[in-house]
Amino acid sequence: MSSSSAGEARRFVLAARPQGMPKPGDFRLETVPMPEPRHGEALVRVIYLSIDPYMRGRISGIASYAKGVDPGDLMVGGAVGEVVASNAPGLKPGDFVEGPIGWRSHAAMPAGLLRKLDPSLAPISTANGVLGMPGMTAYFALLDVCEPRPGDTVVVSAASGAVGQVVGQIARIGGCRVVGIAGGAKKCAYVTEELGFDAAVDYKAVNDLGAALKAAAPRGVDVYFDNVGGEISDTVMTQINLRARIVVCGTISSYNNLPGQADVGPRQLRRLLVNRARIQGFLVWDFNQRYPEALARIADWIKEGRIKYREDFVDGLENAPDALAAVLCGRNFGKMNVRVGHDPTR
Ligand SMILES: NC(=O)c1ccc[n+]([C@@H]2O[C@H](COP(=O)([O-])OP(=O)(O)OC[C@H]3O[C@@H](n4cnc5c(N)ncnc54)[C@H](OP(=O)(O)O)[C@@H]3O)[C@@H](O)[C@H]2O)c1
């Protein structure tokens, strides 16, 4: 085995199922012996833990598309780290990798679960964001599910977030008119002034969201990239055009609902019928065979300056629970990461 791996590691387990917004006490930080990589594994020192909205679903106890986290289990999550010891061909100390490492400082990971990163391409943290799962989500849910055409009006909710910011920029590259919906003046200014969206609606500031959307998207909505569900999406649905395409990527407005709490709203099926519109659910995993295609294209767009990205960082593994709460109420501004260890590339 290359390099040594003595010492202790830290990890978060779920302590209790949250009721509503997760609290720090719902998680327990433990100290454990440093893991030893077995044959085919590498010991990874975590640098950036990715914090994502799906984590709220995993700890809810409600059956979904993936196995949940039970009290006492390691908290799940993607992370970027550095190989510090390896028993796996193809990985050596000093390599940077990304994979489903979980909320911990160190992990012995099967090499097959790790993606080796090229730090010359972009900062390694982007493997959690624009060059990672959120970027893949934006690319495939927009291009494959929504099939945007030049001149279409594309509306995206949670527009300044990890997924939304990439959606809007890819739609702009494709010649669409892009309207972002985001919470707060700074987020709206960011998507229009920095990312080149055509308009933005601050849903937290307007009294009449429908009127504000109508002003921002006067020709109606051809594509709705739905990251949030709830009242925002109910409003967008009233303004869809003939043959509109709607992708249900996320429903974050209801992630903190209590078990059994119904997410009620108007019945929209007739609008779909009248407009011969299509609404489709999306799960990024369904496209995992095609990630290399999306990674290469997004990396090119970044290099050409056509895609920009914004990241948000919280320092210290111990603050991961608060970082999750931040994402679930919009205190993040861009892709949320927890800095767990030193990044030698910065
Ligand atoms: N289906 C898939 O495969 C897949 C993959 C990745 C992500 N997703 C989904 O995509 C969505 C965005 O994820 P992300 O990683 O890009 O997160 P993000 O946008 O970086 O962060 C979440 C944002 O959601 C907004 N939000 C929070 N609570 C809200 C509420 N009650 N109503 C309206 N907006 C609210 C906030 O933005 P504002 O301040 O602007 O409100 C917050 O910043 C999530 O729903 C996530 O579950 C789905």
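Above this text is the structure in question.
Treat the numbers as computed from the prediction; the structure is a model and nothing was measured.

Draft legend 1. Here's a closer look at the site of the ligand. The ligand sits among 27 residues. The nearest are Lys187, Tyr203, Asn227, Tyr255 and Asn332. Between the ligand and Lys187 there is a distance of 2.6 Å, counted from an oxygen atom to a side-chain nitrogen or oxygen. Within the contact set of the ligand, an oxygen atom lies 2.8 Å away from a backbone nitrogen or oxygen of Asn227. The protein chains hide 90% of the 900 Å² of surface that the ligand would expose on its own. The set of elements that each furnish at least two residues to the shell around the ligand consists of α2 (133-146), α3 (162-173) and α9 (320-329). Residues that form the shell around the ligand fall into these classes: 17 nonpolar, 9 polar and 1 charged.

Draft legend 2. Structural detail: the pairing of strand β11 (residues 221-226). Counting buried positions over the 6 residues of β11 gives 6, a clear majority of the element. The sheet contact formed by strand β8 (residues 153-157) and β11 spans 3 bridges and is parallel. By the bridge assignment for β11, Val154 is matched with Val223. At this point the chain moves from β11, through helix α6 (residues 230-237), to the parallel strand β12 (residues 240-248), and the crossover so formed is right-handed.

Draft legend 3. The packing of α2 against α3, seen in detail. Across the interface, α2 lies against α3 with an axial gap of 8 Å and an inter-helix angle of 45°. By the angle between their directions, the pair α2 and α3 is classed as oblique. α3 is crossed by α2, and the crossing has right-handed handedness. Taken together, the residues of α3 that come into contact with α2 (itself represented by Pro134, Thr137, Ala138, Tyr139, Leu142 and Leu143) are Ala162, Val163, Val166, Val167, Ile170 and Ala171. A class-by-class count of the residues in the contact of α2 with α3 yields 11 nonpolar, 1 polar and no charged.

Draft legend 4. Examining the side chain of Asn128 more closely. Looking at the element boundaries, Asn128 is found in the loop between β7 (115-116) and α2. Polar side-chain contacts of Asn128 include one of 3.2 Å to the backbone oxygen of Tyr48.

Draft legend 5. How the structure looks around the nonpolar core. Ranked by internal contacts, the top residues of the largest apolar core, which has 41 residues, are Leu131, Leu142, Phe225, Phe282 and Ile298. If you list the elements that add at least two residues to this core, you get α2, β8, α3, β9 (177-182), α4 (185-194), β11 and α8 (291-303). The element contributing the most residues to this core is α2, with 8 residues. Those residues in contact with Phe282 that lie beyond four places of it in its chain are Thr137, Phe140, Ala141, Val145, Val247, Val248 and Phe287.

Draft legend 6. Examining the sheet that holds strand β10 (residues 199-202) more closely. Strand order in this open sheet of 6 strands is β10-β9-β8-β11-β12-β13, and the pairing throughout is parallel. Edge strands, defined here as strands with exactly one partner in the open sheet, are β10 and β13 (278-281). Averaged over all pairs of adjacent strands, the angle between their axes in this sheet comes to 15°, without regard to strand direction. Strands β8, β9, β11 and β12 of the sheet are contacted by α6, whose axis makes an angle of about 165° with β11.

Draft legend 7. Inspection of the pattern of salt bridges at higher detail. Going through the model one piece at a time under the given rule, you end up with 22 salt bridges. Note that Asp95 and Lys116 form a salt bridge whose closest N and O atoms lie 3.6 Å from each other. Of this pair, Asp95 sits in the loop between β4 (79-86) and β5 (96-99) while Lys116 is found in strand β7, placing the two residues 21 residues apart along the sequence. For Asp95, a relative accessible area of 8% corresponds to the buried category. Accessibility expressed as a relative area gives 47% for Lys116, which makes it partly exposed. Put simply, Asp322 and Arg331 hold a salt bridge, and the shortest N to O gap is 3.3 Å. If you follow the salt bridges from partner to partner, you end up with Arg11, Arg28 and Glu30 in one network.

Draft legend 8. Quick peek at α9. Of all 10 residues that make up α9, 8 are buried, and the element is covered over most of its length. Along α9, the positions that sit buried rather than exposed are Ala320, Pro321, Ala323, Leu324, Ala325, Ala326, Val327 and Leu328. At its buried positions, α9 is contacted by β1 (8-14), β2 (27-33), β3 (41-50), α1 (54-58), β14 (311-315) and β15 (335-339). Taken from the residues just after α9, Gly330 is the one with a positive phi, measuring 85°.

Draft legend 9. Representation of the environment of Ala79. Along the chain, Ala79 falls in strand β4. The spacing of Ala79 and Ile101 is 22 residues in sequence and 5.8 Å in space, taken between C-alpha atoms.

Draft legend 10. Expanded view of the packing of α2 against α8. Where α2 contacts α8, the axes come no closer than 10 Å and their chain directions differ by 100°. Classified by the angle their axes make, α2 and α8 are roughly perpendicular. Two secondary-structure elements touch here, α2 through Gly135, Met136, Tyr139, Phe140 and Leu143 and α8 through Tyr291, Glu293, Ala294, Leu295, Arg297, Ile298 and Trp301. Class assignment for the residues of the contact of α2 with α8 results in 9 nonpolar, 1 polar and 2 charged.

Thresholds applied
Residues numbered from 1 in each chain as written. Predicted model: local features only at pLDDT ≥ 70, side-chain atom pairs only at ≥ 80, totals over all residues. Heavy atoms only, no water. Near = heavy atom within 4 Å. Polar contact = N/O pair within 3.5 Å; in protein donor to acceptor, adjacent residues only side chain to side chain. Areas by Shrake-Rupley, 256 points an atom, 1.4 Å probe, with all protein chains shown as cover. Helix = DSSP H or I, 4+ residues; strand = E, 2+ residues; numbered from the N terminus. Nonpolar A, V, L, I, M, F, W, Y, C, P; charged D, E, K, R; others polar. Buried < 20%, exposed > 50% of the residue type's maximum accessible area, 1.4 Å probe, protein only. Pairing = 2+ DSSP bridges. Right-handed = clockwise from strand over helix to strand, strands pointing away. Axes fitted to C-alpha atoms, helices over the stretch in contact; angles between N-to-C directions. Parallel < 35°, antiparallel > 145°, perpendicular 65-115°, else oblique. Left-handed = near helix turned anticlockwise from the far one by under 90°. Contact = heavy atoms within 4.5 Å. Core = buried A, V, L, I, M, F, W, Y, C linked by side-chain atoms within 4.5 Å. Salt bridge = Lys/Arg side-chain N within 4 Å of Asp/Glu carboxyl O.

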